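# Notes for the structure review
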Amino acid sequence: MPLSEVILISMGLLSIAILAAGLFRHYSIPYTVLLVVIGISLSELAQFWDMLSPLQSFQLSPDLVFFVFLPALIFESGLSLDARQLLKDLAPVLTLAIPALLISTTIVGLALWALLDIDLTVALLFGALISATDPVAVVALFKELGAPLRLNVLVEGESLFNDATAIVVFSILLSMVMQGESISFATSLAAIMEFIRVFIGGVVVGVLLALLVSEMLYRLQSNVSAILTMSIVTAYVSFILAEHGLHVSGVMATVSAAMTLSVYGLTRITLDVRRVLTETWELVGLVANSLLFLLVGLSINAQNLLSHLGLILIVVVVVQLARAASVYS
């Protein structure tokens, strides 16, 4: 597809997303769910309406999600999070993000292995994929209701860190599936050691890069344009350097970089510049979220979805029970 068509379709999808947000703002429909439904509808219409037929070849790719959308969304979330409150609540956040997610992954995997007769490693792979939380709708509801800051930080903090946990666990299990390895004590121990290396390595990369950028911006007395530019550089370089260059967690690197920049770098610049930076990243997050969830909807085959509805409902119940078990335990 020519680049001109890609840009035109992207702008059209973005316009649809903003229009839908305005039209449905008084309805209790989560924005991301609404976008997925619109994406599915557009995908179905494209089969019968020639004008929309280019949408059929306009699909998500793993690299697009991983290296374009994910760093922007993770960095925006990390930057907007109250870092000082998060440090106070780091113990419960990490408990929810690591042990609780591993419990949920195990429960979902074992349940699907027993109920649907799926290979155990593959079932655990799905458990890792599905156990991470996406609190976009919940956080929006918290803001409307005026929920306590601590509750908001717990939910957002868990989401940021359990994304990293889920991606690391998923990558390890996927490697085991591809190599045909089965679950054993030796492979489990190796997986745990690899998880610790990847998780902590990502944190170190993100913190060091953000400290370097913060110091450079402060020493050079940079203006708002330079600060905005370097924040974008930090988001993408931390992710790609960690994930692709050093083979550690890109998500943890980007989260750590955003929080370090927020605590160490932004405290030394004026309030006006901080406000511009925050508003700019909110815009980036809105654009990335809007396009991502519309593209998710476009990637879904509605007929395929309906034909597997029974299995999907079973999995939904299992995931809810696993989530409850991990949180309450």
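Right above here is the structure, for reference.
Attention here is on the structure that accompanies the text.

Reading guide: rules and limits
Residues numbered from 1 in each chain as written. Predicted model: local features only at pLDDT ≥ 70, side-chain atom pairs only at ≥ 80, totals over all residues. Heavy atoms only, no water. Helix = DSSP H or I, 4+ residues; strand = E, 2+ residues; numbered from the N terminus. Buried < 20%, exposed > 50% of the residue type's maximum accessible area, 1.4 Å probe, protein only. Contact = heavy atoms within 4.5 Å. Areas by Shrake-Rupley, 256 points an atom, 1.4 Å probe, with all protein chains shown as cover. Lys, Arg positive; Asp, Glu negative; His and termini not counted. Charge placed at Lys NZ, Arg CZ, Asp CG, Glu CD. Expected span 1.5 Å × (residues − 1). Arc of directions from axis to C-beta. Core = buried A, V, L, I, M, F, W, Y, C linked by side-chain atoms within 4.5 Å. Phe/Tyr/Trp six-rings, centres within 6.5 Å; stacked < 30°, edge-to-face > 60°. Salt bridge = Lys/Arg side-chain N within 4 Å of Asp/Glu carboxyl O. 1 Å grid on protein atoms, 1.4 Å probe; cavity = no way out; pocket = protein on both sides within 12 Å on 5 of 7 lines; lining within 4 Å. Points joined across faces, edges and corners; volume = space filled by probe spheres on them. Nonpolar A, V, L, I, M, F, W, Y, C, P; charged D, E, K, R; others polar.

## Focus on the overall build of the protein chain
Scanning the protein chain for helices and strands turns up 15 helices and 0 strands. Judged by the C-alpha coordinates and their principal axes, the protein chain covers about 60 × 55 × 40 Å. Burial statistics for the protein chain: of 329 residues in total, 42% are counted as buried. Long-range pairs, those at least 24 residues apart, make up 79% of the contacts in the protein chain with a sequence separation of at least 6. Accessible surface, the protein chain as shown: approximately 17,500 Å² in total, 70% of it carbon and sulfur. Seen as two clouds, the 11 positive and the 21 negative side-chain charges of the protein chain have centres 16 Å apart.

## With respect to helix α6 (residues 99–116)
In this model, α6 (18 residues) spans 25 Å end to end at C-alpha, consistent with the 26 Å of a helix rising 1.5 Å per residue. Along α6, the residues that are buried comprise A100, L101, S104, T105, V108, G109, A111 and L112. All buried residues of α6 lie within an arc of 165° about the axis, which places them on one face of the element. Where α6 is buried, its residues meet α5 (90–97), α7 (120–131), α9 (149–179) and α15 (309–328). Just beyond α6, the residue with positive phi is D117, at close to 55°.

## Section: the nonpolar core
Counting residues in each nonpolar core, the largest one holds 30 residues, and the members touching the most others are L86, F161, L173, F195, F199, V251 and V255. Sorting the residues of this core by element identifies α3 (62–80), α4 (83–88), α5, α7, α9, α10 (185–219) and α12 (250–265) as the ones contributing at least two each. If we ignore the near neighbours within four places in the chain, the residues touching L86 are L81, V93, V153, G157, F161 and M259. A20, I40, L55 and L73 belong to the second largest nonpolar core, which has 25 residues in total.

## Thoughts on the packing of aromatic side chains
Counting across every chain of the model gives 2 aromatic pairs. Note on F75 and W281: the rings are 4.7 Å apart at their centroids and 45° apart in plane angle, and the pair reads as tilted. Highlighted residues: F75 in helix α3 and W281 in helix α13 (residues 271–299), separated in sequence by 206 residues.

## Brief notes about α15
In this model α15 runs 29 Å from its N-terminal to its C-terminal C-alpha over 20 residues, within 8% of the 28 Å that 1.5 Å per residue would give. Of all the residues in α15, the buried ones are V315, V318, V319, A322 and S326. Buried residues of α15 fall within an arc of 105° about the axis and therefore sit on the same side. Along α15, the residues that are exposed and aim more than 90 degrees away from the buried face are L313, Q320, L321 and Y328.

## A closer look at the pattern of salt bridges
The final tally for this structure, using the stated rule, is 3 salt bridges. The partner of R150 in a salt bridge is D89, with the nearest N and O atoms 2.8 Å apart. Taken together, the residues span a long stretch of sequence, with R150 in helix α9 and D89 in the loop between α4 and α5 at a distance of 61 residues. For E215, the salt bridge goes to R219, with nearest N and O atoms at 2.8 Å. Highlighted residues: E215 and R219, both in helix α10, separated by 4 residues, approximately one helical turn.

## Some remarks on unusual backbone geometry
The phi angle at D117 is positive, at roughly 55°, despite the residue not being glycine. Secondary-structure assignment places D117 in the loop between α6 and α7. Here D117 falls in the exposed class, since its relative accessible area comes to 70%.

## Focus on the layout of surface pockets
Computed from the structure, the second largest pocket encloses a volume of approximately 400 Å³. For the lining of the second largest pocket, the secondary-structure elements that each account for two or more residues are α6, α9 and α10. Sorting elements by how many residues they give to the lining of the second largest pocket places α10 first, with 5 residues. When grouped by side-chain class, the residues that make up the lining of the second largest pocket number 10 nonpolar, 4 polar and no charged.

## Focus: the environment of L291
Tracing the sequence through the fold places L291 in helix α13. Looking at L291, the relative accessible area reads 13%, which means it is buried. When the C-alpha positions of L291 and S10 are compared, they lie 7.4 Å apart, and in sequence the two are 281 residues distant.

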